[in-house]
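So the chains spell out like this:
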Amino acid sequence: MAEASSKADQPFVDVSIIMPVHNAADWLQESLQSVLLQTFKGCMELSIFNDASKDSSMNIIQDWRQKFEAAGILMTIGGHDSDTPRGVGYAKNQAILQSSGAFLCFLDADDIMHPRRVELQYETAVQHQCAIIGCRVHREPDGSTDRYTRWINNLTPEQLTTQIYTANGPTVIMPTWLCARSVCDKVRGFNEGGKGVPEDLIFFLEHLRLGGQVIRVDEHLLTYRYHPQAATASVHRDTIWNIQLAALQDRVLVNWSKFTIWNAGKQGRRFYRDLSKENKAKVAAFCDVDAKKIEKGFYTYEESMFYRLAHSLWLRLAQCPASIYSRKVTGNLQSVGAYAVDHPGSQGVPKPRVPIIHFREASPPFIICVKLDLTGGEFEKNLASLNLQEGVDYFLFG
């Protein structure tokens, strides 16, 4: 399904607005209206790709065609009507492929652009053609995801490239991106893994790995809607954790001979456990402010891979009907699991004990596994007291 004249017949397009659509009927009217109200004076195209919508999205889009044509905005519509959607990454890639603009402005079908969004971000993108250009946002409904919204809007220019390993994801959020088409070409488009895949985070990290820049226009140019149907709601936190941990190890820890993990609690211990063997050996200490944790003196991680796997299998088998497995196999696995539980150090060499010390006694560099904006400023005050440089002396993770 595609409705567009050939690219050879079209005028030069300065900016293509890239809009993937899947069952967006509840929000499309306001989103499309925001495109029509843009103050941008160049040639603009709206490239929509419908990813198997089953609601009235396509009817709404067709109803708007005449309005866009009257306003001189080109409209390119593609899509498919399969039984199931192919995912946001696929829909974005298709919308890009069918578009003509030298620059690409991404807009989710449930968000609203402020009138000067394209104008202001385009001005910056022309001057920085190797950059993703974002903006500040207004969150709707008011008060939803307050911490996340503060983080989006208040990062410094330097933090746009240092705080890329937090659970928040990209430091300029995907619905605010405007960039040269060459940025997408260099990254080779979005991951098309479908539901549950953070295609924006994967693209963003690859863009930075390839030497790309990140810039934010410091004006509120997008109303960013929060609702349970949003695609981001399908992405599991563990998926984000694993992607960012791989990037951190490849780009930061590879350059460090030793480092300290700030947080001897659950997050810090999980971070240690998930490190590669080589990077575990680089951990000089955990640091914390909790006197009880510090009094313990050490963290010892003794579970071998064999133990964890066997124990996991044993627990799963305990919940399954015996008829599913042969008695012999079930009995053997249960014996292995039970033995591993009783003898956790029997399968492999126990890991070294890692000291737990007060943060003032610790030495940089740090990987900080503490979430910001949760302690009434106490953690931030402690961190500031050490006079460290973010991106050199420490990175935030998780």
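For the structure, see preceding data.
In this report, the structure presented in the accompanying data block is examined. Everything quoted here is computed from the prediction, not taken from an experiment.

**Things to note about the nonpolar core**
Judged by nonpolar contacts, the single largest core of 97 residues is most densely connected at Phe-106, Phe-271 and Ile-367. If sequence neighbours within four positions are ignored, Phe-106 has contacts with Ile-18, Ile-96, Arg-117, Met-174, Pro-175, Trp-177, Cys-179, Cys-184 and Phe-190. Membership of the second largest hydrophobic core comes to 13 residues, among which are Trp-262, Ala-285, Ile-357 and Phe-359.

**Description of the pairing of strand 3 (residues 44–51)**
Burial analysis of strand 3 places eight of its eight residues in the buried class, which makes it a mostly covered element. For strand 2 (residues 15–21) and strand 3, the ladder comprises seven bridges, and the chain directions are parallel. From the neighbouring strand, Ser-16 faces strand 3, where its bridge partner is Glu-45. Traced from strand 2 through helix 1 (residues 28–36) to strand 3, the parallel crossover comes out right-handed. The pairing of strand 3 with strand 4 (residues 74–80) spans seven bridges and is classified as parallel. Residue pairing across strands places Ser-47 opposite Thr-76, the latter belonging to strand 4.

**A short note on the environment of His-207**
Summarising the element assignment, His-207 is placed in helix 8 (residues 199–209). Between the C-alpha atom of His-207 and that of Arg-188, which follows or precedes it by 19 residues, the distance is 9.8 Å. Dropping the residues within four chain positions of it, His-207 is found in contact with Cys-130, Ala-131, Ile-132, Val-183, Val-187, Gly-212 and Gln-213.

**Digging into the environment of Met-174**
As for its position among the elements, Met-174 is in the loop between helix 6 (159–162) and strand 8 (178–180). Since its relative accessible area comes to 4%, Met-174 is described here as buried. Taking the C-alpha atoms as reference, Met-174 lies 9.6 Å from Glu-199; in sequence the two are 25 residues apart. Excluding residues within four positions of it along the chain, Met-174 makes contact with Lys-92, Phe-106, Phe-190 and Asp-200.

**Comments concerning the side chain of Gln-244**
With respect to the helices, strands and loops of the structure, Gln-244 is situated in helix 9 (residues 237–251). With relative accessibility at 1%, the residue Gln-244 sits in the buried group. If we skip the residues at most four places from it in the chain, Gln-244 touches Ile-164, Tyr-165, Thr-166, Ala-167, Gly-169, Leu-201 and Phe-397.

**A short note on the packing of helix 1 against helix 2 (residues 57–70)**
The N-to-C vectors of helix 1 and helix 2 enclose an angle of 20 degrees; their axes lie 10 Å apart at closest approach. Classified by the angle their axes make, helix 1 and helix 2 are roughly parallel. Judged by the twist between their axes, the crossing of helix 1 over helix 2 is right-handed. Across from Leu-28, Gln-29, Leu-32, Gln-33, Val-35 and Leu-36 in helix 1, the residues of helix 2 making contact are Ser-57, Ile-60, Ile-61, Trp-64, Lys-67 and Phe-68. The residue makeup of the contact of helix 1 with helix 2, split by class, is eight nonpolar, three polar and one charged.

Parameters at a glance
Residues numbered from 1 in each chain as written. Predicted model: local features only at pLDDT ≥ 70, side-chain atom pairs only at ≥ 80, totals over all residues. Heavy atoms only, no water. Core = buried A, V, L, I, M, F, W, Y, C linked by side-chain atoms within 4.5 Å. Buried < 20%, exposed > 50% of the residue type's maximum accessible area, 1.4 Å probe, protein only. Contact = heavy atoms within 4.5 Å. Helix = DSSP H or I, 4+ residues; strand = E, 2+ residues; numbered from the N terminus. Pairing = 2+ DSSP bridges. Right-handed = clockwise from strand over helix to strand, strands pointing away. Axes fitted to C-alpha atoms, helices over the stretch in contact; angles between N-to-C directions. Parallel < 35°, antiparallel > 145°, perpendicular 65-115°, else oblique. Left-handed = near helix turned anticlockwise from the far one by under 90°. Nonpolar A, V, L, I, M, F, W, Y, C, P; charged D, E, K, R; others polar.

Just distances and angles here, no functional claims.
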